[in-house]
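# Overview (structure and organization)
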Amino acid sequence: MDSATETTRHLELRIGGMTCASCAARIEKKLNKIDGVSASVNYATEKASVAYVGTVSPDQLVTTVEQAGYTAEVPRLSLPAMDDESAEPGAEPDPAASIRQRLLVSLVLTVPVVAMAMVSPLQFANWQWLSLTLAAPVVVWGGLPFHKAAWTNLRHRTATMDTLISMGTIAALGWSVYALFWGTAGMTGMRHQFELTISRTDGTSNIYLEAAAGVTTFILAGRFFEVRSKRRAGAALRALLELGAKVASVRRDGVEQRIPIEQLAIGDEFVVRPGEKVATDGVVIEGSSAVDASLLTGESMPVEVGPGDKVMGATVNVGGRIVLRANRVGSDTQLAQMAKLVEEAQTGKAQAQRLADRISGIFVPIVIALSLATLGLWIAATGSITAAFTAAVAVLIIACPCALGLATPTALMVGTGRGAQLGILIKGPEVLESTRRIDTIVLDKTGTVTTGNMSLLDVISARDEQPTEVLRLAGALEDSSEHPIGKAIAQAARDKIGDLPAVEGFANLEGLGVQGVVDGHAVTVGRRQLLANWSQELPELLTRSLCQAESEGRTAVVVSWDGKSRGILLVADAVKPTSAEAVERLRALGLTPIMLTGDNATAARAMAGQVGIDQVIAEVLPRDKVDTVRRLQAEGKVVAMVGDGVNDAAALAQADLGLAMGTGADVAIEASDLTLVRGDLRAVPDAIELSRKTLATIKGNLFWAFVYNIAALPLAAAGLLNPMLAGAAMAFSSVFVVTNSLRLRTFKPHS
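Cut-offs and rules
Residues numbered from 1 in each chain as written. Predicted model: local features only at pLDDT ≥ 70, side-chain atom pairs only at ≥ 80, totals over all residues. Heavy atoms only, no water. Axes fitted to C-alpha atoms, helices over the stretch in contact; angles between N-to-C directions. Helix = DSSP H or I, 4+ residues; strand = E, 2+ residues; numbered from the N terminus. Parallel < 35°, antiparallel > 145°, perpendicular 65-115°, else oblique. Contact = heavy atoms within 4.5 Å. Nonpolar A, V, L, I, M, F, W, Y, C, P; charged D, E, K, R; others polar. Buried < 20%, exposed > 50% of the residue type's maximum accessible area, 1.4 Å probe, protein only. Core = buried A, V, L, I, M, F, W, Y, C linked by side-chain atoms within 4.5 Å. Pairing = 2+ DSSP bridges. pLDDT = per-residue confidence, 0-100. Polar contact = N/O pair within 3.5 Å; in protein donor to acceptor, adjacent residues only side chain to side chain.

## A closer look at the packing of helix H20 (residues 579-588) against helix H25 (residues 683-717)
Viewed as axis vectors pointing N to C, H20 and H25 meet at an angle of 30°, and their least axial separation amounts to 8 Å. One finds that H20 runs roughly parallel with respect to H25. Across the interface between the two elements, Ala 582, Arg 585 and Leu 586 from H20 touch Val 684, Pro 685, Asp 686, Ile 688 and Glu 689 from H25. Grouping the amino acids of the contact of H20 with H25 by side-chain chemistry returns five nonpolar, no polar and three charged.

## Examining unusual backbone geometry
Of note in this structure, Asp 464 is not a glycine but carries a positive phi near 70°. Looking at the secondary structure, you find Asp 464 in the loop between strand E16 (450-461) and helix H16 (467-478). Given a relative accessible area of 79%, Asp 464 falls into the exposed group. With a phi close to 50°, Asp 519 is a non-glycine residue in the positive phi region. The topology assignment puts Asp 519 in the loop between strand E18 (513-518) and strand E19 (521-526). Residue classification places Asp 519 among the partly exposed positions, given a relative accessible area of 45%.

## Quick notes on the nonpolar core
In this structure, Ile 441, Leu 443, Leu 659 and Val 684 are the most contacted members of the largest nonpolar core, which totals 43 residues. Sort the elements by how many residues they give to this core and H25 lands first, with eight residues.

## Structural notes on the pairing of strand E3 (residues 47-52)
Along E3, five of the six residues are buried, which leaves the element largely enclosed by surrounding structure. Of the strand pairs in this sheet, strand E1 (residues 9-16) and E3 are connected by six bridges, and their pairing is antiparallel. When the bridges of E3 are listed, Arg 14 appears paired with Lys 47.

## Side note on the sheet that holds strand E14 (residues 424-426)
Sheet architecture is open: seven strands sit in the order E14-E26-E25-E24-E15-E22-E23, paired in mixed fashion. The open sheet has two edge strands with one neighbour each: E14 and strand E23 (615-617). When the angles between neighbouring strand axes are averaged without regard to direction, this sheet yields 20°. Note that strand E25 (residues 657-661) and strand E26 (residues 674-676) share three bridges and pair parallel. When the sheet's bridge partners are listed, Leu 659 is paired in E26 with Leu 674. Of the strands in this sheet, E14, strand E15 (440-444), strand E24 (639-643), E25 and E26 are in contact with H25, which crosses E14 at around 40°.

## Here we look at the confidence of the model for the chain
Across the chain, the average pLDDT comes to 78, with 80% of residues at 70 or higher. Summarising per-element confidence for the chain, the mean pLDDT is lowest in helix H8 (residues 235-241) (56) and highest in helix H4 (residues 127-142) (93). Throughout residues 1-5 the model reports pLDDT below 50, and contacts reaching past four residues in sequence, or to other chains, amount to three contacts. Counted against residues more than four places away or in other chains, residues 345-353, with its pLDDT under 50, gives 30 contacts.

## What about the side chain of Ser 249?
For Ser 249, the position within the fold is in strand E5 (residues 247-252). What makes Ser 249 buried here is its relative accessible area of 3%. A distance of 2.9 Å separates polar atoms of two side chains, one belonging to Ser 249 and the other to Arg 258. When neighbours within four sequence positions are excluded, Ser 249 is seen to be in contact with Glu 256, Gln 257, Arg 258, Glu 269, Phe 270, Val 271 and Arg 273.

Following this line, the structure appears as structure tokens:
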């Protein structure tokens, strides 16, 4: 066989028609049966990532998916995974919009059906025929997605929540139609019997339209919120690519012109002015400056760059004017590679299969078997087809998952509402399952444990000098600087002293510091190297303080005037005052905290010691962060990741549970499972506590919903369950589920 055919090729398919996690598992199983194919299907992003060798073709992969009962499409664009909604508007309608329309119409039609069935004074003459007119479109049209999914499940000999919903609602509608046209339920003056007694009744006088319409509408509501949340998965990648510059100032034939970033080519020389984003990855050929790369690397300190230094695209120039030569463009840039990392992490992330589907896979076959057994036994025992069908259909109707359908959406709705009050945004029920299992939590340093902004920590003055005077003169000089460290010094001086004196002859000494005249003094503020250039010595006291500060990962800035060193200013990314308490609470929840950062090891260990974290992984790039999470997962740990920057997005997507600080980058928020609106790290244990409580409520709801169904099934099989008792049992189970969910409104974190 030709060696070229053995080359592993990769393809991403857009999958349509999936309704639950078991659909994704089914497609994955079908694809992996093909020789030479390794596939991973993600229900959340509606994509299949396929690696294949040999003679396998993309058309064969698409055909296999279609034979499984779903749709597949090979994206025309090979850019890092995006939902390209701008390419062909309207080509792919938003499923959430379709379900929203079904939900609103069904809700309007269902309310009067339920009201007439439950409120006796509303049962006017022939009210049952109006109920049929209103309920039929709800069950047939509103529930069409469930019926289609149930048919697909039937073809593949499986059962999910959709099977149970379709089976129950069709049984309820079908029997109601039979009772109305061929039984006695269609007679004028028909009323629901409201006696709560266990007795055999004539099934042809009973209708179940309120159950059929109500269940359909309730489940549609839950499915709408789920689909709306699921469709946001691709937003992480769009947000990431939005970070790049849109235009570049290119220098061609000595003339500078602005062009769209797409027209930038390798070898082009482009200009970046202070405050602008770097258009693409390149090498500095003119000028020097400080570049803020914190979004991409996590390094809190701006990086000084000069001729020959490499600079990544999407970083921000915070110093002087520089000219770069592009060496990577388009999908080869560091930003595009990060988008690819996020895509790979999202695609490979195992989605928790919905608990209701797993239970339904066992419960549905049992119900069907019991219904058929009831039919057969009644025919054999009584010879009455009507009585047999009455009992058999009663089994199907009582199994209809009204409370089961409410179990997850009500708890999730109340839990997420309470979370929003606490500044916690939960994206879906799958997220909750992860919170119970996690045992390790990885914390990004910059912006998560720390403030993410440079701030002045201390002023150390030489003998016979006043710290206030050192700060006043340094702050006045740095007030004209654009450097983040200079801004931090100026802000601290203004906050402590107030108005600052004017500066004359200000000059920026590239890569070293600044100089100027303040109140008649020739002042310099900058690196230690600046003193050597001016043949100045640093006193022993200040030398010891400077060395100690640098050993603790802080930045020391030397202040001198009139030819003599007067003091040093200590600047660093300060730890948030609540971080230590948050780490302590995370330990109390049984989690092992690990600090992960792009900063240097010395600074990272110093910060970790202040908040009580023992394990530190420092000097890591975005890909290293993903690899670190994967390594921990390979060791058997269930990992949660907390971050706020673009550099954390891929790791957030890879982790079993991703938590993003809402004060951070949009891409990190989109790639996470939980978003913490507050910048307070204490929101992390709050979120985990709330999520675990919500999951426990969902599980309790599911348990009791099934208990009610299972307890009533024998009565239905025996033909002893009249409509009112069945309705009361169903209503009571639904009320219990809703009431149990409402208890989440009183949740308070253990802070």
